[in-house]
Amino acid sequence: MTFQLDFSGSRVLVTGAAGGIGTAVAVAFAEQGAHVILADLSVSAAEEVRAGHAALRERSVVLGLDITREEDVARAFADLEALGGAPDILVNNAGLSIRKGVEDLSLQEWEKVFAVNVTGAFLCTRAAVPHMKAKGGGAIVNMASIMGFSGGGPYPNPAYQASKGALVNFTRGLAVELGPHNIRVNGVAPTWVRTPFIANLLKDDTLRAQLEGLSPLGRLAEPEDVAAAVLFLASPLAAMVTGHTLPVDGGFLAQ
């Protein structure tokens, strides 16, 4: 085994690529030689990301994609054939959080969170798997959360916690089902990450300090911390790892 990360010749599809963790993941793959498909609901935002990073300008394309719509996912994967082919690696990164307690959540809000965090991952995975089988294998990395393992945190977030918990077990089930086809499926469970996803929370100095204090390492995660874990799980270095969700949490879940 070669102990290095080299994704030359690999095609990687990253959903929710137009910001935060998704952008960090896309850039990291491109810097390691992969051809990256920047999939996002906002084509203009994805184009801005592509234009802003040298590695992406060289080795990426933008794909408009609403992962909650079955017909849109089917169309997107059909379009990929014209863009060079389906991915060898799928990163189900797109996510949504509506931070409300159970009594304040509407059914529409609950279903919206699940549509993005769970159904979107299912639709993209279902579309990618036949192509991975035809290629003789592949890797899928699902973006879960420490809230998929914990009911804690400084505010109620039951829809997000339930959806990410579902994604953790979706990862396990897929690993068992797809292992015989040489398709590995893993997840990453970040803590609070310094991205636009939690920008409003970080405006409150007291809450920011509280979030930092939840980690034994005493800080928030950076997008690159999460990207590093994704690249490891997608790489040959993790050739015997499947069905696991790796916390990138500074020790939050160890407490």
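Computed from a predicted structure; not experimentally measured.

Visitor: Can you walk me through the side chain of Thr 191 in this structure?
Guide: With respect to the helices and strands, Thr 191 occurs in the loop between β6 (183-190) and α7 (199-202). Contacts of Thr 191, omitting those with residues within four sequence positions, involve Ile 146, Ala 221, Val 248 and Asp 249.

Visitor: Would you mind going over unusual backbone geometry with me for this structure?
Guide: With glycine set apart, most residues show a phi of negative sign, and most peptide bonds adopt trans. Not every positive phi belongs to a glycine, and Asn 182 is a case in point at roughly 65°. Its place among the elements puts Asn 182 in the loop between α6 (158-178) and β6.

Visitor: What should I look at first to understand the sheet that holds strand β4 (residues 89-92) in this one?
Guide: Sheet strands pair by backbone hydrogen bonding; their relative direction is either parallel or antiparallel. Pairing in this open sheet of 7 strands is parallel, and the strands run β3-β2-β1-β4-β5-β6-β7 from one edge to the other. Sheet topology places β3 (60-64) and β7 (245-248) at the edges, where each strand pairs with a single neighbour. Between one strand axis and the next, the sheet turns by 20° as a mean value, whatever way the strands run. Pairing of β6 with β7 involves 4 bridges; the strand directions are parallel. Each bridged residue has a counterpart across the sheet, and for Val 188 the counterpart in β7 is Leu 246. Against the sheet, helix α5 (residues 107-135) makes contact with β1 (11-15), β4, β5 (138-143) and β6, and its axis sits at roughly 175° relative to β4, the strand it touches most. Strands in contact with helix α9 (residues 223-234) are β4, β5, β6 and β7; relative to β6, the strand with the most contacts, it is inclined by about 165°.

Reading guide: rules and limits
- Residues numbered from 1 in each chain as written.
- Predicted model: local features only at pLDDT ≥ 70, side-chain atom pairs only at ≥ 80, totals over all residues.
- Heavy atoms only, no water.
- Helix = DSSP H or I, 4+ residues; strand = E, 2+ residues; numbered from the N terminus.
- Contact = heavy atoms within 4.5 Å.
- Pairing = 2+ DSSP bridges.
- Axes fitted to C-alpha atoms, helices over the stretch in contact; angles between N-to-C directions.

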